[in-house]
Amino acid sequence: MINFNAVYALLLREAKIFLREKERIISILISPLLFLFVMGKGMAEGQSPVPGFTYQQYIFPGIMAMVILFTSITYGLYIIWDKRLDFLKEVLAAPISRATLFFGKSLGGMLGALIETLLLLVIGAFFILPQNPLQVLLCLLAAFPISYMITNMGLTIGARMKSMEGFGLVMSFLTWPLFFFSGALFDLAGAAPYIKVISLFDPVTYCVDLFRIIMLGKGYFTLWTDLGAIALFCLITTALGVAAFGKLQQEK
Amino acid sequence: MAAIKTDNLVKRYAEVTAVAGVSLEIPEGEVFGLLGPNGAGKTTLISMLSTLVHPTSGTALVAGRDINKEPLAVRRNIGIVFQEPSVDDLLTARENLYLHSMLYGMPRREIGPKIDQMLALVKLSDRAESLVKTFSGGMRRRLEIARGLIHSPKILFLDEPTLGLDPASRKAVWTHIRELKEAHNTTIILTTHYMEEADSLADRIAIINRGKIIELDTPEALKRKVGQDLVFIKGELDEAAVRALPFVKSVEKENSRFKISIEDSGANLQALLNAGGKIDEVEVRRVTLDDVFLKFAGQQITDDADEKAEGIFERIAVNHSTRR
């Protein structure tokens, strides 16, 4: 069903393109860095819900999740460009299953997100929150399923969208709400009840929480709740994504 | 064995029937030309045969495999060169071919040498490591043809392969196509707007309009249906006398002149002019595929245009009545 040579080839394409667009790698990091250094420092008086950390240090795990969220969703939506540029046609005509194509694409998205995560982790480790090697390793490991799940969401939406005009809508109505309701910038324990309820359905909530457990040693949920929720969202988004790719037809 | 055999293929979209029942058989090693006006259903037909679009009904065997039941097996045996370029701008020529070879499951050891061979064939060896976005239209086309061929397909689909190319590049593409047929006995399905192209390349030509094949024959036989030669005459032609001549196939009034289709102008022109009455101007030429195309597809194009115009007027009329 899945042709691993083809997955490797597709992944290689994504890697080459990603590494050739150095401006994109940097530009994706701009807004997270603004949050981290302007908001994090600007609210220097703000209380950190976890004792022993500054507010800037407290939001750092949330900003890690933010980088993955924005990189992965944007990457997923980019297949609209593939459709426009007719590159997708060549791949749709190849003797590979749609599941193969989907996994090649989602691994490509993961790769991009991992590079961004690593960059931010290094910047953060130097300037904000020193990390030991084990923590760095665990963060990167956590980034795998998280970026996979969010890339899948982007690909699923991108496969169904007809034009790039919907891009702004997805960012406004999906990406930013996912980010804000995840509790990346505050402690869910002290949030208004409606935020608490909505955040339970936000996959990013568990990602932020997982990063907090790794980097701060304390989260809102237990480790197993986070891992379980992320695993569940990975399964759901895989099913949705493969189905959406199955329906992809050559555009006229 | 036939390379392609279709059985009453139909594709209906919400508003239009793009392909309205096509049954044909294409033997191995043939260059088959598909001609038709825009929107006639050429691309849809090719898309169904290459398993990119599911037929509404009917089926086809491509390289002996059923397009509905074994699409991946069909794909492994065919190559496609699309109407719009689909090479990846952000990769180099070599990377494009590498990606394609991997997707088509070629053994890894063979890929490198095969890429060099194909790049040499389309004369792009010196640009192998350049990004495709730096390529001209003709170079992209050639790269795309190399890509369609690299996995040695039994059947090659070329959808308008020379669209937008300058005459020199077009001739180069034609030469490649002929070489393919001769060297590898590749079956080639070609759609084109250029009659000259179809005439010089295709063994057989199907004229398709409104999703149906309206004529299918060799280029020579199609031309013979229109007549061998065309004589254009300006002046006061004695139509009745001309029509009575045994070698005259048809007489039509075209603007200010008469278009007369005759057999063998070398032997019969003098007789025609003698019978024609007072003649001011004469022009004689061989029948080309353009004439064939206009005869079989042209009338229907005019009909379509009329229908559309009516449609618009009706819509305007409806709008007016609702507004009141």
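The shown structure was predicted, so the numbers you read here are calculated from the model rather than taken from an experiment. (Residues numbered from 1 in each chain as written. Chains lettered and ligands numbered in written order. Predicted model: local features only at pLDDT ≥ 70, side-chain atom pairs only at ≥ 80, totals over all residues.)

K.L.:
How should unusual backbone geometry be read in this particular structure?
P.N.:
In most cases, non-glycine residues show a negative phi, while peptide bonds are predominantly trans. Residues and elements named next belong to chain B. Phi at Thr51 takes a positive value of approximately 60°, unusual for a residue other than glycine. The residue Thr51 is located in the loop between helix 1 (42–49) and strand 5 (57–62) in this model. For Thr51, a count of 24 C-beta atoms within 10 Å translates into the label buried. Although it is not a glycine, Asn185 adopts a positive phi angle of roughly 55°. Mapped onto the fold, Asn185 is located in the loop between helix 6 (167–184) and strand 9 (187–192). (Helix = DSSP H or I, 4+ residues; strand = E, 2+ residues; numbered from the N terminus. Buried ≥ 20, exposed ≤ 12 C-beta atoms within 10 Å, placed from the backbone.)

K.L.:
For this particular structure, what's the right way to read the sheet that holds strand 8 (residues 155–159) of chain B?
P.N.:
Note on sheets: strands pair through backbone hydrogen bonds, and any given pair is parallel or antiparallel. Residues and elements named next belong to chain B. If you walk across this open sheet you meet the six strands as 7-8-9-4-10-11, and the pairing is mixed. Strands with a single pairing partner mark the edges of an open sheet, and in this sheet they are strand 7 (78–81) and strand 11 (212–217). On average, each strand axis in the sheet is tilted by 15° relative to the strand beside it, whichever way the strands run. The sheet contact formed by strand 7 and strand 8 spans four bridges and is parallel. Counterpart to Val81 in the pairing with strand 8 is Leu158. (Pairing = 2+ DSSP bridges. Axes fitted to C-alpha atoms, helices over the stretch in contact; angles between N-to-C directions.)

K.L.:
Explain helix 5 (residues 137–149) of chain B here, please?
P.N.:
Since the α-helix turns once every 3.6 residues, residues separated by three or four places project in the same direction. All names here are of chain B. The end-to-end C-alpha separation of helix 5 is 19 Å, in line with the 18 Å expected for 13 residues at 1.5 Å each. Across the 13 residues that make up helix 5, a large majority, 10, are buried. Residues Arg140, Arg141, Arg142, Leu143, Glu144, Ile145, Ala146, Arg147, Gly148 and Leu149 constitute the buried set of helix 5. Looking at the buried positions of helix 5, the neighbouring elements they touch are strand 7, helix 3 (93–103), helix 4 (108–121), strand 8 and helix 6. (Expected span 1.5 Å × (residues − 1). Contact = placed C-beta atoms within 7 Å.)

K.L.:
Before we go on, may I ask you to explain the sheet that holds strand 13 (residues 248–254) of chain B in this structure?
P.N.:
All names here are of chain B. Read across the sheet, four strands follow the order 13-14-12-15 without closing on themselves; strand pairing throughout is antiparallel. Edge positions in the sheet fall to strand 13 and strand 15 (277–286), since each has one partner strand and no second. Neighbour-to-neighbour, the strand axes of this sheet turn through a mean angle of 25°, independent of strand direction. With five bridges joining them, strand 12 (residues 229–237) and strand 14 (residues 257–262) adopt antiparallel strand pairing. Bridge pairing in strand 14 links Asp229 to Ile262.

K.L.:
Any chance you could explain the interface of chain A and chain B here in plain terms?
P.N.:
With 20 residues of chain A at the interface, the matching set in chain B holds 22 residues. Of all the secondary structure elements, the ones that give two or more residues to the side of chain A that touches chain B are helix 1 (4–20) and helix 5 (87–92) of chain A. Broken down by class, the residue content of the side of chain A that touches chain B amounts to 11 nonpolar, three polar and six charged. (Nonpolar A, V, L, I, M, F, W, Y, C, P; charged D, E, K, R; others polar.)

K.L.:
Would you mind going over helix 8 (residues 219–226) of chain B with me for this structure?
P.N.:
All names here are of chain B. Taken as a whole, helix 8 has its buried residues at Pro219, Leu222 and Val226. Along the long axis of helix 8, the arc covered by the buried residues comes to 65°, so they all point the same way. Phi turns positive one or two residues past the end of helix 8, at Gly227, with a value near 120°. (Arc of directions from axis to C-beta.)

K.L.:
Where do I start with the nonpolar core in this structure?
P.N.:
Note that soluble globular proteins tend to have their nonpolar side chains buried in a common cluster. Met64, Ala65, Leu69 and Phe211 of chain A are the most contacted members of the largest nonpolar core, which has 137 residues in total. Of the residues forming this core, the biggest block, 15 residues, is contributed by helix 3 (residues 55–77) of chain A. Excluding its chain neighbours within four sequence positions, the residues that come into contact with Leu69 of chain A are Ile150, Thr175, Leu178, Phe179 and Val204 of chain A. Core analysis: the second largest hydrophobic core is formed by nine residues, Val231, Ile233, Val248 and Ile262 of chain B among them. (Core = buried A, V, L, I, M, F, W, Y, C linked by C-beta atoms within 7 Å.)

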